[in-house]
Amino acid sequence: MLRRVAPPLRRALASSAVQHRGGARLPDPGLSSPHALPPQWRRWASAAAASSLPPPPPSPPRGPPRHAGGGSAASSLNPAEVAKFAAIAETWWDAQGPFKPLHLMNPTRLSFIRSTLCRHFRRDPYSAKPLEGLKVIDVGCGGGILSEPLARMGATVTGIDAVDKNIKIAHIHAASDPTTASIEYCCTTAEDLVKENKQFDAVISLEVIEHVANPLEFCQSLSALTVPNGATVISTINRSMRAYAAAIVGAEYILRWLPIGTHEWSKLVTPEELVLALQRASISVEEMAGFFYNPLTREWSVSDDISINYIAYGIKKSEAPSATPQ
Amino acid sequence: MTPTPARASAAAAHALLRRTRCFAAANRIRTASRAFSSAPAGASEPQGPEKVGGVRAGDDELDVAIVGGGMVGLAVACALSNMPLTKHLRVAVIDSNPALKSTNYLKKDGIPDSRVSTVTPATISFFRDIGAWEHILQQRHAFFGKMQVWDYTGLGYTRYNSRDVCKEYLGCVVENKVLCNSLLLRLQEQKEDIKKMVYPTRLASLAFPSKSRNVGVAGLKPPSTEAEELRRSNLVKLDLSDGQTLYSKLVVGADGSKSNVRQIAGIKTTGWSYPQSAIICTVEHTAANDCAWQRFLPSGPIALLPIGDNFSNIVWTMSPEEASRHKSMSPEDFVMSVNRALDFGYGPHPNSSSLDHYVERLFSDFGGTAASTKECFEVPPRATGLISERMAFPLSLMHSHDYVSKRLALVGDAAHTVHPLAGQGVNLGFGDAAALAEVISEGVSVGADIGDLSLLNRYENDRKAANVAMAAVLDGFQKMYSVDFGPLNVLRAAAFHGAQYISPLKKNIISYAMGDRKSPLFS
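The rules behind these values
Residue indices follow the written sequence of each chain, beginning from 1 at its first position. Whichever chain is written first is A, and whichever ligand is written first is 1; the rest continue in order. Predicted model: local features are reported for residues with pLDDT of at least 70 only, side-chain atom pairs are reported and counted for 80 or more only, and whole-chain, interface and lining totals are derived from all residues. In computing side-chain properties, one takes all heavy atoms of the structure into account and sets aside hydrogens as well as water. The secondary structure listing takes helices from DSSP runs of H or I that are at least 4 residues long and strands from runs of E that are at least 2 residues long, numbered from the N terminus. Exposure is judged per residue with a 1.4 Å probe applied to protein chains only, and the accessible area is read against the type maximum: over 50% gives exposed, under 20% gives buried, and values in between give partly exposed. In short, Shrake-Rupley with a 1.4 Å probe defines the accessible areas, and a residue's cover is counted only from the protein chains shown. UniProt positions are given in the numbering used here, feature names are shortened, and annotations may be inferred rather than shown by experiment. We define a polar contact as two N or O atoms separated by no more than 3.5 Å, with the added condition that, inside protein, one atom must be a possible hydrogen donor and the other a possible acceptor, whereas residues neighbouring each other in sequence contribute only through side-chain atom pairs. Whether two strands pair comes down to DSSP finding at least two bridges between them. Each axis is a line fitted through C-alpha atoms, and for a helix only the stretch in contact is used; angles between axes span 0 to 180 degrees, taken between their N-to-C directions. Contacts between residues were defined by any pair of non-hydrogen atoms, one from each residue, lying within 4.5 Å. Confidence per residue, as judged by the predictor, is encoded in pLDDT with a range of 0 to 100. An expected span of 1.5 Å times one less than the residue number is assigned to each helix. Disulfide: a pair of cysteine sulfur atoms within 2.5 Å of each other. Classification remark: right-handed applies to a crossover when, strands pointing away from the viewer, the course from the first strand over the helix to the second runs clockwise.

> Looking at this model, I keep getting lost on the overall build of chain A. Mind explaining?
Counting secondary structure elements, chain A contains eleven helices and eight strands. For chain A, buried positions account for 60% of its 326 residues. Working note: accessible area of chain A is about 12700 Å², and carbon and sulfur atoms make up 58% of it.

If you want it as structure tokens, here you go:
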């Protein structure tokens, strides 16, 4: 079900596609330095940097079989792959790059998550690592821009994403900081983890549900991944006129923050629908908040206006889901 | 955890709580029962002292490396060690100054140092928050509740009184070495082993991580040494002159107006030198002085600041030639010169004049004049002797184009120097320190990388406006007084009178000088 996942994923694909069209232009000037690569790759890198023609694909980008990246067997990567991931990783983590909106929004999302999880698990909000000892999963983790902060807050984080490339990027980026190096990234889907009977204290899936084929089933999977009395946090975009104006017309067509087509109007989920879907999956929604973007200060803030971007926090019911939830 | 006194960080937490409250309002679809009681207490491990999860970073790996252990650098260290969210950070201060080894209070007797700062109530409350103010109170300091500003034309004067703004004092004069020592003593209380924190050496070189880290390389083979290399390639490398090498997530440049860190980082500055030098020294009176005095002379302002007992500090701005002449003249001549400058020299006392009358009539319509409007002009106490060296230094205005870059933040004089005429420079620096520590704390609370540029930008946005405004006000003052031109003199005098008589404006000016952030005119 997660084949068509998060906008981040699409954006990653889109940005890599652009690079293909534009030839072997490496997006970051620093990267074109051959010294950034080990000797055996320098030849390829300098050749690529010099060439302005659309090169033959260095190696089929989708070539490596799935299982190569599923784990962390990074040593079996081929040079072209790694160089390309490094390039994309830079854009994933470039706060001014294609993922800028997510970077801008991130602290606001995280402060909501931090305060709700602190209350849910009765953690000290004055602690630097309030989530210590909690198993948290980030479903649709992309390059890991949510997983890493969660790990810094002390959580034992698992990040999953259906796109192999994102997992590799996230893995490589997290390795540069000892506190985030322990994140377990895995290219898989929520459904597959459910089959493995994996469970987590907190399940977080931000900006994903509007891209899945069947939100109802997706909620069921998230619920199955949550331990009884555990917390579930979901954020998405409302299907309202204001959301249409802001997130589709504004962000995609006017501001060009997102590639056109990132969000399909008909697939957006309203808060009422989300609450119902979660309720059927035996998660009771406890709190909701909206995110508000102020174009003048260029800052996001938490508000009670859930008509555009919103986030919901729910508790998984302890008893087994009854047959007829109402 | 017990509530801590660190109000600064509590503010961050308050912000969190405030948001939390708004969620409750937000939550329209929320079910009635809050199943918190049934929520698991988690795998409740008590919050031990924070250790880096999993991989333990080496001793040479830091979170914050502060280059420069002056007042502002130590204030950053002290603020970080006082906030609940940042106290676990590994912080180092790099400075070869032997004074950083002090573990005792400085003696109150003896002659005060001539390098002093006028700290504003805003700075005092910052020092209280970080627990360093008690140490100041144990050492030499001088509160003052009155201030008189006048100029040589004899047309205007203004007296400020702390009563006008319902405060006990307008500010406090403290020796710079006392400020440093107090911060140091506070750090010693906070960190059991401060020796590990202070590196008594100098920075030899600094290398920022290249924009594109060798992500690909280490992703390929992660044996432990390469993992370490990768980690370090993402940090700032600091080579110290004693041969040690440190790695840090964030470097704080607190190394003064000629900041080495700023130059290495390639951050440009804007500014100009004033054709002025300042002479500073300590003088003695026959009785204690409890008022801050400032008189604008044709060559620049002279300030007489109380520093406790019968001592006062002189900050006298003049042309470089005059400065060198005043520096080399005999102490007796110098004292005479000072007394002249603070009394009848260059022009008459501002007494009730026809202009006064006009202004009073003009502004009486606005009603409600401040209490001190009635206060008469006073002549400052005469200096009886010069008791310290005279030091002269050139003045300049400098402003750094950027305060931050990736993994770097500049604070204090490294980011901006202003004209010293209102003693605002160090207060701006402490404002920087408080804001930077706050931003780092916010970053920790949301799990950000503390060297992340988008986080540090919030510090820059916060401080740049405040610092530029103050620099502009002071520069304007300086420019206004560098011209001796009849009509302008009258205007200046009128401005003084305006300030003296329109009490709301006067209150605003006092508040601004005391460290409130609002501009005096547009509030």
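> Looking at this model, I keep getting lost on the UniProt feature "binding site: Mg(2+)" (unreviewed entry) in chain A. Mind explaining?
Residue and element names in this part refer to chain A. According to UniProt, the positions carrying the feature "binding site: Mg(2+)" (unreviewed entry) are E207, E210 and H211. Counting through the fold element by element, E207 comes out in the loop between β4 (200-206) and α9 (215-225). Residue classification places E207 among the buried residues on the basis of a relative accessible area of 7%. A distance of 2.8 Å separates a polar atom in the side chain of E207 from a polar atom in the side chain of S235.

> I tried to follow the sheet that holds strand β5 (residues 226-237) of chain A on my own but got confused; where do I start?
Sheets are built from strands that pair by backbone hydrogen bonding, the pairs being arranged parallel or antiparallel. Residues and elements named next belong to chain A. Taken together, the eight strands give an open sheet; going across it, the order is β3-β2-β1-β4-β5-β8-β6-β7, and neighbouring strands pair in mixed fashion. This sheet does not close on itself; its edge strands, each paired only once, are β3 (184-187) and β7 (299-303). Ignoring which end each strand starts from, the neighbouring axes of this sheet average 20° apart. Relative to β4, strand β1 (residues 135-139) is paired through three bridges, and the arrangement is parallel. Looking at β4, one finds that V136 is bridged to A202. Contacting β5, β6 (283-294) and β8 (309-316), helix α11 (residues 271-280) runs over the sheet at an angle of about 150° to β6.

> Which parts of the structure should I look at to understand the confidence of the model for chain A?
When pLDDT drops low, the exact placement of atoms in the prediction is not to be read closely. All names here are of chain A. Mean pLDDT for chain A: 74, with 70% of residues reaching 70 or above. Low pLDDT, under 50, characterises residues 1-78; the predicted model gives this stretch 122 contacts beyond four residues in sequence or across chains. Considering only residues more than four positions removed or in separate chains, one finds that residues 321-326, a stretch of pLDDT under 50, has four contacts.

> How should I be thinking about helix α3 (residues 121-129) of chain B in this particular structure?
Because each turn of an α-helix spans 3.6 residues, side chains separated by three or four positions end up pointing in the same direction. Among the residues making up α3 of chain B, those that are buried are P121, T123, I124, F126, F127 and D129 of chain B. Just beyond α3 of chain B, the residue with positive phi is G131 of chain B, at close to 80°.

> Quick question: what am I supposed to make of the UniProt feature "domain: FAD-binding" (unreviewed entry) in chain B here?
Following the UniProt record, the feature "domain: FAD-binding" (unreviewed entry) maps to residues 241-341 and 383-468 of chain B here. In this annotation, residues 241-341 of chain B is assigned 26% helix and 47% strand; the end-to-end C-alpha distance for the span is 46 Å.

> Whenever I open this one, helix α12 (residues 425-445) of chain B confuses me. Can you help?
Residues and elements named next belong to chain B. Taking 1.5 Å of rise per residue, the 21 residues of α12 would be expected to cover 30 Å, and the 31 Å separating its terminal C-alpha atoms lies within 8% of that figure. Taking burial as the measure, the 21 residues of α12 include 18 buried ones, the bulk of the element. Looking one or two residues beyond α12, the residue adopting positive phi is G447, at roughly 70°.

> Please explain the sheet that holds strand β7 (residues 171-175) of chain B as it appears in this structure.
Residues and elements named next belong to chain B. Within the open sheet, the three strands sit side by side as β3-β7-β4. Their pairing is antiparallel. The open sheet is flanked by β3 (116-119) and β4 (141-144), the only strands paired with a single partner. Shown here is a sheet whose adjacent strand axes are inclined to one another by a mean of 20°, direction ignored.

> How should I be thinking about the UniProt feature "binding site: S-adenosyl-L-methionine" (unreviewed entry) in chain A in this particular structure?
All names here are of chain A. Sites flagged by UniProt as "binding site: S-adenosyl-L-methionine" (unreviewed entry) map to R109, G140, D161 and L206. Topologically, D161 is positioned in strand β2 (residues 156-161). A distance of 3.4 Å separates a polar atom in the side chain of D161 from the backbone nitrogen of C141. Topologically, L206 is positioned in strand β4. Setting aside anything within four residues of it in sequence, one finds L206 in contact with R109, I113, V139, L146, V233, I234, S235 and I311.

> I'm lost on the state of the cysteines in this one. Help?
The bond known as a disulfide is covalent and runs between the sulfur atoms of two cysteines. Residues and elements named next belong to chain B. Counted under the stated rule, the structure contains zero disulfides over all chains. Note on C281: no disulfide assigned, nearest cysteine sulfur contributed by C291 at a separation of 18 Å. The buried category is assigned to C281, whose relative accessible area is 0%.

> Would you take a moment to explain the pairing of strand β1 (residues 61-67) of chain B for this structure?
The side chains of a regular strand alternate between both faces of the sheet. All names here are of chain B. Burial within β1 is extensive, with seven of its seven residues counted as buried. Alignment of β1 against strand β2 (residues 91-94), held across four bridges, turns out to be parallel. Among the inter-strand pairings, V64 is bridged to a residue of β2, identified as V91. Crossover handedness for the path β1 to helix α2 (residues 71-82) to β2: right-handed.

> Which parts of the structure should I look at to understand the confidence of the model for chain B?
Residue and element names in this part refer to chain B. Overall, the prediction assigns chain B a mean pLDDT of 78, with 71% of residues at 70 or greater. Of all secondary-structure elements in chain B, the lowest mean pLDDT belongs to helix α1 (residues 7-26), at 42, while strand β19 (residues 408-410) reaches the highest, 97. Note that residues 1-56 has pLDDT below 50 and, in this model, 104 contacts with residues that lie over four places away or in other chains. When the criterion is pLDDT under 50, residues 367-372 qualifies, and its contacts beyond four places in sequence or with other chains add up to 13 contacts. Interface confidence for the predicted complex, expressed as ipTM, amounts to 0.70; the pTM equals 0.76.

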